[in-house]
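As a plain string of letters, each chain reads:
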Amino acid sequence: MNYRGPTLMLFLGFSLQTAEAGMIDKDGMAPWEICGMCHSLDGNSHMAKFPKLAGQKAAYIVQQFNAFHNGQRTNDGGQMQAISEEVQAQDLASIAEHFESQVAVEPPAPTGDIERYRQGKALYQQGRPGLAACVQCHNPSQARTPWLDAQHPAYLNKQLDDFRSGRRDAQSETPMPAIAKALSPEEQTAVTHYLSRTLLRHKPPD
């Protein structure tokens, strides 16, 4: 599905932070094309500011979209809340299903810093005393927790920093603030390094 020139130029000509409903000409567009302007139509975004959505769990996409729309989550400077006004409620399920059906691009193979990669893999899969393994929550059976693999490392680090500081608080019951605080800077770098260089979501569990 291709972008229409005038629509794309209109999008590029204004700040999402100050966008208002009706500013995007959606005539003839598929519902997910609005999201694709930042996240790419196949969900494999090219900018760390916009998370990759390819293969992401549909239930999680819906959950986070609603959190932004309702003002429960605001750690993106208000851009998602603004763009959410352009999305019709009845289209949200099909948008989420579209991105869930896309295939995440295989990330670069781990090279150079193998020890950091191994440390991150161990933390993700096994945890350590006082820190639960990430995979206990981030797995196929948990529909409302996201896949973290094949993601931009800068995006992952920002989310952990925001959980630690309290800037991200869409779900008061989430254990993530405590987990983020328990991670040392070295451990955080290791686990995001590992996740950005591995693809788990399209593979059967071991």
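Residues numbered from 1 in each chain as written. Predicted model: local features only at pLDDT ≥ 70, side-chain atom pairs only at ≥ 80, totals over all residues. Heavy atoms only, no water.

S.K.: Run through unusual backbone geometry, naming residues and quoting values.
M.R.: You will see that Ser 40, though not glycine, has its phi angle at about 75°, which is positive. Of note, Ser 40 is situated in the loop between α2 (32–39) and α3 (58–69). Here the phi dihedral of Ala 150 falls at roughly 55°; this positive angle occurs in a residue that is not glycine. Take Ala 150: it is sitting in the loop between α6 (114–126) and α7 (153–165). (Helix = DSSP H or I, 4+ residues; strand = E, 2+ residues; numbered from the N terminus.)

S.K.: Outline the packing of α2 against helix α5 (residues 92–101), listing residues and values.
M.R.: Close contact between α2 and α5 brings their axes to 9 Å; oriented N to C, the two are set at 45°. If you check the angle between α2 and α5, you find them oblique. The chirality of how α2 crosses α5 is right-handed. Counting all contacts with α2, which are made through Trp 32, Cys 35 and Gly 36, the residues of α5 involved are Ser 94, Ile 95, His 98 and Phe 99. (Axes fitted to C-alpha atoms, helices over the stretch in contact; angles between N-to-C directions. Parallel < 35°, antiparallel > 145°, perpendicular 65-115°, else oblique. Left-handed = near helix turned anticlockwise from the far one by under 90°. Contact = heavy atoms within 4.5 Å.)

S.K.: An account of the nonpolar core is needed here, citing residue identities and associated values.
M.R.: By size, the foremost hydrophobic cluster in this structure holds 10 residues: Cys 35, Leu 53, Ala 58, Ile 61, Phe 65, Val 87, Leu 92, Ile 95, Ala 96 and Phe 99. The set of elements that each furnish at least two residues to this core consists of α3 and α5. The leading source of residues in this core is α5, at four residues. Not counting the four nearest positions on each side in its chain, Ile 95 is found in contact with Pro 31, Trp 32, Cys 35 and Val 87. (Core = buried A, V, L, I, M, F, W, Y, C linked by side-chain atoms within 4.5 Å. Buried < 20%, exposed > 50% of the residue type's maximum accessible area, 1.4 Å probe, protein only.)

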